[in-house]
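Geometric and topological summary
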Amino acid sequence: MGRLRSGEARLLRPPGAGSEAEFLSSCIRCGQCVEVCPPGALRLATIAEGLALGTPCSMPEIVPCDLCRGHETLQCIQVCPSGALRPVGKYEDIDMGEAVLDRATCFAWNGVTCRSCWHACPFPNTAIRFDELGRATIDEDHCIGCGLCIRACLTDPKSLCIRPKGASRPRMRGEGV
């Protein structure tokens, strides 16, 4: 994927996190959000992530955020003692990042009917839509970056990745220089 510029977000943060700078300065690294995450989507950043050490992050290609399905509230936000994870009005207001689609490997972009990502998306026809040829497109204004589409993607390697909020858009294999 693409390289990040200095000062850009490098990690996918939980729902309710502000900018990377705000988050790093307000998170007390208690790990409570990681402990209560129902699907186990959160982990603590390691020493390899530098100043982010001990802060919660997600790797949706391993376990996506399922928006605490079956719970009344987002559990990570509810237990955050420092306010680093702030309440969100509606799930549509969450902004962890956005999905980026690799058209070179996506079945739908290569003549095979596939709607796996669309079926998994909590906002089908809003965040993931299909063009007139039945090819998936991501609406960056509506994608929240949960990563459920990655888990559902049938290609190997996956045709989707999540760009963390505040990071530049990664260049995918099928794009020009």
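Quick caveat, the model's predicted, so the values are computed rather than measured.

**Thoughts on the overall build of the chain**
For the chain, the helix and strand inventory stands at five helices and six strands. If you list the helices and strands of the chain from N to C, you get α-α-β-β-α-β-α-β-β-α-β. Here the chain holds 177 residues, and the buried ones make up 46% of them. Long-range contacts, defined here as pairs at least 24 residues apart, represent 63% of the contacts in the chain between residues at least 6 apart.

**Examining the pattern of salt bridges**
One pass over the full model with this rule turns up six salt bridges. Across the pair Glu-49 and Arg-43 runs a salt bridge, and its minimum N-O distance is 3.2 Å. Judged by relative accessible area, which is 24%, Arg-43 ranks as partly exposed. A salt bridge links Asp-139 to Arg-129; the nearest nitrogen and oxygen atoms lie 3.3 Å apart.

**Things to note about unusual backbone geometry**
Of note, the bond from Asp-156 into Pro-157 is cis; its omega dihedral lies within 30 degrees of zero at 5°. Here Pro-157 is to be found in the loop between helix 5 (148-152) and strand 6 (160-164). For Cys-68, which is not a glycine, the phi torsion comes out positive at approximately 55°. Mapped onto the elements, Cys-68 comes out in the loop between strand 2 (56-58) and helix 3 (75-79).

**Looking at a nonpolar patch on the surface**
A surface patch of nonpolar side chains, amounting to about 260 Å² of accessible area, comprises Phe-107, Val-112 and Leu-154. Among the residues examined, Leu-154 registers a relative accessible area of 55% and is labelled exposed.

**Describing the packing of aromatic side chains**
Scanning the model with the defined rule gives one aromatic pair in all. The side chain of Arg-115 reaches across the aromatic face of Phe-130, ending 4.1 Å from its centre.

**Overview of the nonpolar core**
One broad trend across soluble globular proteins is that nonpolar side chains are buried collectively. In this structure, Leu-85, Ile-128, Cys-149 and Leu-160 are the most contacted members of the largest nonpolar core, which totals 42 residues. Secondary structure elements with two or more residues in this core: helix 3, strand 3 (97-101), helix 4 (116-120), strand 4 (128-130), helix 5 and strand 6. Other than its neighbours up to four places away in sequence, Cys-149 contacts Ala-99, Cys-117, Ala-120, Ile-128 and Leu-160.

**Quick look at the pairing of strand 6**
Burial within strand 6 is extensive, with five of its five residues counted as buried. By the alternation rule, side chains of strand 6 split into Leu-160, Ile-162 and Pro-164 and Cys-161 and Arg-163, which are all buried. The sheet contact formed by strand 3 and strand 6 spans five bridges and is antiparallel. Along strand 6, the bridge assignment pairs Ala-99 with Ile-162.

**Comments concerning the environment of Leu-148**
Secondary-structure assignment places Leu-148 in helix 5. You can call Leu-148 buried: its relative accessible area is 2%. In this structure the C-alpha to C-alpha distance between Leu-148 and Cys-121, which are 27 residues apart in sequence, comes to 6.1 Å. Setting aside residues no more than four positions away along its own chain, Leu-148 makes contact with Pro-64, Cys-65, Asp-66, Arg-69, Ala-120 and Pro-122.

About the cut-offs
- Residues numbered from 1 in each chain as written.
- Predicted model: local features only at pLDDT ≥ 70, side-chain atom pairs only at ≥ 80, totals over all residues.
- Heavy atoms only, no water.
- Helix = DSSP H or I, 4+ residues; strand = E, 2+ residues; numbered from the N terminus.
- Buried < 20%, exposed > 50% of the residue type's maximum accessible area, 1.4 Å probe, protein only.
- Contact = heavy atoms within 4.5 Å.
- Salt bridge = Lys/Arg side-chain N within 4 Å of Asp/Glu carboxyl O.
- Patch = residues over 30% accessible without salt bridge, like charges linked within 9 Å, V, L, I, M, F, W, Y side chains within 5 Å.
- Areas by Shrake-Rupley, 256 points an atom, 1.4 Å probe, with all protein chains shown as cover.
- Phe/Tyr/Trp six-rings, centres within 6.5 Å; stacked < 30°, edge-to-face > 60°.
- Lys NZ or Arg CZ within 6 Å of the ring centre and 35° of its normal.
- Core = buried A, V, L, I, M, F, W, Y, C linked by side-chain atoms within 4.5 Å.
- Pairing = 2+ DSSP bridges.

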